[in-house]
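Secondary and tertiary structure notes
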Amino acid sequence: MDSREALNLVEEMVQRGELIRVSSAERTTKAIIFKTLTGRNFAVEINDTQSRNYAVQVKLVFERAPGGVQLDWPSAASKFDGQLNDLQFQSSALQTKGSNLEPGKQMSVVVRSPQSLQDLIAWYAVTHHAQIANADKIRAHALARYILPARQRGESSVTILASKIHNDLGLSKNFPNVDQALTGKIFLKQCNLSTVQRSGAAGSSATTFTYHFENQAIPMPQKSTIASNLILYGPPGTGKTYASAAEAVRLCLGEAQAAPLLVPEQREALMLSYRDLVAAGRIDFVTFHQSYSYEDFVEGLRPTTEMDDGSLEPVDETRDVSTSGFRLRCEDGIFKRICERARLDRGSANEKTGLDRQRRIFKVSLGRRGQEEDRISDGLDNNLVHLGWGGDIDWSPESFDNFDAIKREWNTKKDPGATGKDSNIEMIFSLRSDMQVGDYIVLSDGRDAIRAVGKVTGHYYYDASASYHPHRREVEWLWQDVAGVRRDVFYKKFFRQHAIYRLNRDIVDWDGLEEIVFGKTAQQVVTTARPYVLVIDEINRANISKVFGELITLLEPDKRLGETNEIRVQLPYSGRSSFGVPSNLHIIGTMNTADRSIALLDTALRRRFKFRELMPQPSLLSRVDGVDLAKVLATLNERIEFLFDREHQIGHAYFIGCQSRQDIEEVMRHKVIPLLAEYFYEDWNKVAAVLGDAKDGENYHSGGFLKRERLVCPPGMGSDDEAPIRFRWSVQEKFDFSKLVSNDAPNRS
């Protein structure tokens, strides 16, 4: 049996529903990753079909310790006539996220027969596997994706279809497990419910589970009276990023609703909920760095080749392309964007009381004021816009969807010499193709006023029977007033004399336009607005004054919109004169104290934030392969605090994922020891002291992690007695943890 036959055999197991293929169908070389129904990954190595053909030997690469479970690989190899290979292979094919097949986590087995291959995979799938693992995933998924969102929307019940959960998680023939997980006491307790209504045959794909919330309603999160400005600080590896995600979910969902997620065993459900809130725009995440600026965070100018109306500069055959240039356009940063989303939120009911600010706005003229009032009235009374440019050609066919097609048709039938700047071409393109259903229209009343605002509801059509302006579209007029309203209430540039064109959305004052359409109550702060959260990772790495600028004052809870001391400012680039920070926006920062001391943090920022310290928790660690990780971490940190300070300790997150001694040594070799060398500025005597390898004297010394050799004085630098003593320090190939965690006093000579 070669690797081609092995791959075909495994693919047959996939077809029978016994395995799941993880690698994409396009991958046909090096290694193909599969997953057992119990969630364990393995790969079939097949080598490169173009250079070496299929491998003669069949090698399977497994997770050495799937889910942290230590397997008896020597016994398995003996039982299934296999040969173990403990070498760690570096291959891009094994780097699939979450596969746990990267170097340091592998166990390879060479198998010789089809039966041995199938038996080994079957053993790997179930040995020491907690069957409750799938149930945990099912409960976490249902809680985060169905129960909590339904409660957040204010619904009285939610129905979950078994096949939907089954397909979401990529399960195979596991409907009984879905049934048990969603009707069991554990899930009902997590949901704070007492009963579930099940319909359909138990354990089938058509089974539905209905959960009613009336009697166990969890209060919806209300608008906080005080906005939360919080910084989580502590040494590296203490779980600040995860804690920020948990805090963000708690703020968005409310204390009671988030409570089931804020327990260690619901970490997966918590992160699912976090990702859903990010996708919904309720949570944003940004990392500060030394070059981060106000222009990145709030707003700044960016070069663009677009025209003022947002369209690309059309090609003009009469002009030299080399004269084309660029413009500077104001772009919103992440802080301004989430402020706007929070300010415009109308609550969980999602009331449609405003305009869709992602839509475009077109200025339209239906006739000359005072001279063609009948044509203007025709459009307003019959809910349509009409255009005279474009000749007697019906532009309805799909072939005229783009600008070039319209220009070619006009050149062919009307004016061979017309360029892209011809009004017939430009304006019919705006009405026929550029304008989309859902976009907005403002009806101009001269250059300085508007008399109606509408929304496009229909596609372009050609009315051959019309006595004038045969090119038309249906609209819904949202507001109209014959007296008109000044243009500069919502748009600071004069209208052009074109009959129709797209306005520059970047300079539209949407607040002003909404006040025209809906009245001044449109901008009032609503008490039902949902919470939003901005997470700022490494908040202390940027120049805070440079990033926040004048907005630092607006972060204070009582200076927020709708509060007692509300403050609005004028932004420097957009010129917007009424920007404020909404009170339903919470800010969470994380701060690595090893990177910069909290004492050096900007004073203006310090007094506007609360601080919560997160320190290493050795108690979260256990013994792995005979190494007491809790004692290792506690000993390291005690010595670091003695030699340096408490802010440069090492967090438990460095070791929390270690499942074998090899994992621990990898962390020590590639993370902890380099970090210690950085802390102590390459003073290896102090590094050795932390690791328990310090020793007085001038001779060779071999410790548990480091070894020390005395360097010979070069000729001409004096005798060995006169020259300063210098050592060469190197890291051991194998580590001995006994000296690090020993309670004995250091041995001195």
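For the structure given in this document, a descriptive report is provided here. (Residues numbered from 1 in each chain as written. Predicted model: local features only at pLDDT ≥ 70, side-chain atom pairs only at ≥ 80, totals over all residues. Heavy atoms only, no water.)

**Points about the sheet that holds strand 4 (residues 58-63)**
- The 6 strands are arranged 1-2-3-4-6-5 in an open sheet whose pairing can be described as antiparallel. In this open sheet, the two edge strands, each paired with only one partner strand, are strand 1 (19-21) and strand 5 (83-85). Within this sheet the neighbouring strands show an average axis-to-axis angle of 30°, counted without direction.
- For strand 4 and strand 6 (residues 106-111), the ladder comprises 6 bridges, and the chain directions are antiparallel. (Pairing = 2+ DSSP bridges. Helix = DSSP H or I, 4+ residues; strand = E, 2+ residues; numbered from the N terminus. Axes fitted to C-alpha atoms, helices over the stretch in contact; angles between N-to-C directions.)

**Some details on the sheet that holds strand 27 (residues 706-710)**
- Strand order in the open sheet made by the 3 strands is 26-27-28, with antiparallel pairing throughout. Of all the strands in the sheet, just strand 26 (701-702) and strand 28 (727-731) have a single pairing partner and so form its edges.
- Of the pairings in the sheet, the one linking strand 27 to strand 28 comprises 5 bridges and is antiparallel in character. Bridged to Leu706 within strand 28 is Val731.
- Where helix 21 (residues 684-691) meets the sheet, its contacts fall on strand 27 and strand 28, and the angle it forms with strand 27 comes to roughly 140°. (Contact = heavy atoms within 4.5 Å.)

**Brief notes about a nonpolar patch on the surface**
- Taken together, the side chains of Leu301, Phe326, Leu328 and Tyr573 define a hydrophobic patch exposed on the protein surface, amounting to about 410 Å² of accessible area.
- On the secondary structure map, Phe326 appears in the loop between strand 12 (299-304) and strand 13 (327-332). (Patch = residues over 30% accessible without salt bridge, like charges linked within 9 Å, V, L, I, M, F, W, Y side chains within 5 Å. Areas by Shrake-Rupley, 256 points an atom, 1.4 Å probe, with all protein chains shown as cover. Salt bridge = Lys/Arg side-chain N within 4 Å of Asp/Glu carboxyl O.)

**As for the packing of helix 14 (residues 403-413) against helix 15 (residues 423-434)**
- Interhelical geometry of helix 14 versus helix 15 gives an angle of 135° and a closest axis separation of 10 Å. Judged by the angle between their axes, helix 14 and helix 15 are oblique. Pair helix 14 / helix 15 crosses with right-handed handedness. Contact with helix 14, carried on its side by Phe403, Ile406, Lys407 and Trp410, involves Asn424, Ile425, Ile428, Phe429, Arg432 and Ser433 of helix 15 and no other residues of that element. (Parallel < 35°, antiparallel > 145°, perpendicular 65-115°, else oblique. Left-handed = near helix turned anticlockwise from the far one by under 90°.)

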